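# Coordinate analysis (summary)
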Amino acid sequence: MDPLTLDDLDRQLVHALQIDGRAPFSRIAAVLGTSDRTLARRYRRLRSAGLLRVVGLPHVRPLGHVDWFVRIRCTPDAVTTVAAALARREDTSWVTLTSGATEVTCIIRAHIRSDQDNVLLPKLPRTARITSVTAHCLLRAVAGTNGWPGRTSALNPQQIETLSPRPPALNGHMELTEADQRLLPVLAADGRAGYPSLAAATGWSESTVRRRLDELRRNDVLYFEVEIDPMLFGYATEAVLWLTVAPSALTGVAQALAGHPEIAFAAATTGDPNMIAFTVCADPGALYDYLATRIGALSGVLKVETALIARHVKRAGARLLPMSR
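Remember, predicted model here, so these are calculated numbers, not experimental data.

## What about the pairing of strand E2 (residues 65-74)?
Taking burial as the measure, the 10 residues of E2 include eight buried ones, the bulk of the element. Across nine bridges, E2 lies against strand E4 (residues 103-111) in antiparallel orientation. Its bridge partner lying in E4, Val66 is registered against Ala110. With seven bridges joining them, E2 and strand E5 (residues 130-143) adopt antiparallel strand pairing. Bridge pairing in E5 links Trp68 to Cys137.

Following this line, the structure appears as structure tokens:
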């Protein structure tokens, strides 16, 4: 089978993993009507080719943290260095090269009480080739919180309900232990890491690891995300949209974006622009059509800035491979 092609069963597997990233293959197989060996083999094929990865990540609010969308404009010869330096940090994600590889866009996580200077300045390489930096605090995610619709449309409602984990208990703020701090980096690299590996990293027994994972998930501290290249679904053009929206129209625009299959993720932010959206389209022509007919029709959108994503340096989880030039 061509490793760059997904068939129906592959797509069902990806959707199932987005619902529950640590669901046993036996449980998924029972829902899909296939064998767990078949699913395990397909998962290993995609993961070993670097095409798919499940990562375990902490939610922001229960830990008293906040995410910042950061735009860094650089001279062309500095982009690779700046992006690589940011990608090496544990508190960054979605480090991308945009605008013809003249700009770095990333998410930086910080304590909610940190001021902007403390969030940004210690994290940036010291170089005069950075020409501007802007930061927008994420106020509310409005679309894509359960995965990009392009990869979550392979299962029917009954299958989704069967695979869905228990809803969070939402017990509020939760402090991480030192062992949790050793656990999270392992899950950020491989959300399906086995219990022996997690026990070795934390010093806990396997049964304790199982209980702690369940506790973190039940308190909505930990969630699992599927990283997969949209190209496998036939979408070759990714872009970041920076929207300036009238305050009175924020809710309406947010609701509209949540219903657009082209939107992988969107959030309301501080600043001007005050909404960011990550789009996935088949090609540049499809992006044009989306901007002209869908975004252009939204009442209250005052301005749109579009930046094509040239390369992902780091996605949601830990960065595993060195960045190639």
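After that view, the rundown keeps rolling.
## Things to note about the packing of aromatic side chains
Remark: the centre distance and the inter-plane angle together describe each pair of aromatic rings, the angle taken between the planes. Across all of its chains, the model carries two aromatic pairs by this definition. Consider the rings of Phe25 and Tyr43, whose centres lie 5.5 Å apart with planes at 55 degrees: the pair is tilted. Taken together, the residues span a long stretch of sequence, with Phe25 in helix H2 (residues 25-32) and Tyr43 in helix H3 (residues 36-48) at a distance of 18 residues. Judged by relative accessible area, which is 7%, Tyr43 ranks as buried. Taking 6.4 Å as the distance between ring centres and 40 degrees as the angle between the ring planes, the aromatic pair formed by Phe69 and Phe278 counts as tilted. With a gap of 209 residues between them, Phe69 in strand E2 and Phe278 in strand E9 (residues 275-281) connect regions that are remote in the sequence. In terms of burial, Phe69 and Phe278 fall into one category: buried. Looking at Arg22, its charged tip hangs above the ring of Tyr195, at a distance of 4.9 Å from the centre.

## Some points on helix H8 (residues 195-202)
Of all the positions in H8, only Leu198, Ala199 and Thr202 are classed as buried. For H8, the arc enclosing every buried residue in end-on projection is 100 degrees, short of the 170-degree limit, so these residues lie on one face. The exposed set on the far side of H8, more than 90 degrees from its buried face, consists of Pro196 and Ala200. On the buried face of H8, the contacting elements are helix H7 (178-189) and helix H9 (206-218).

## Concerning the pairing of strand E8 (residues 263-269)
Among the seven residues in E8, six count as buried, and that is most of the element. Note: E5 against E8, four bridges, orientation antiparallel. Within the sheet, the bridge partner assigned to Ala143 lies in E8 and is Ala266. Across five bridges, the pairing between E8 and E9 is antiparallel. Paired with Ala267 across the strands is Ile276, a residue of E9. Counted between consecutive antiparallel strands, the loop separating E8 from E9 contains five residues, among which Gly271 sits at a positive phi close to 90 degrees.

## Digging into the pattern of salt bridges
This structure, assessed with the given rule, holds 17 salt bridges. With a closest N to O distance of 3.5 Å, Arg73 and Glu305 form a salt bridge. With a gap of 232 residues between them, Arg73 in strand E2 and Glu305 in strand E10 (residues 301-314) connect regions that are remote in the sequence. Here Glu305 falls in the partly exposed class, since its relative accessible area comes to 31%. Ionic contacts of the salt-bridge type, sharing partners, join the residues Asp7, Asp10, Arg42 and Arg45 into one network.

Calculation rules
- Residues numbered from 1 in each chain as written.
- Predicted model: local features only at pLDDT ≥ 70, side-chain atom pairs only at ≥ 80, totals over all residues.
- Heavy atoms only, no water.
- Buried < 20%, exposed > 50% of the residue type's maximum accessible area, 1.4 Å probe, protein only.
- Helix = DSSP H or I, 4+ residues; strand = E, 2+ residues; numbered from the N terminus.
- Pairing = 2+ DSSP bridges.
- Phe/Tyr/Trp six-rings, centres within 6.5 Å; stacked < 30°, edge-to-face > 60°.
- Lys NZ or Arg CZ within 6 Å of the ring centre and 35° of its normal.
- Arc of directions from axis to C-beta.
- Contact = heavy atoms within 4.5 Å.
- Salt bridge = Lys/Arg side-chain N within 4 Å of Asp/Glu carboxyl O.

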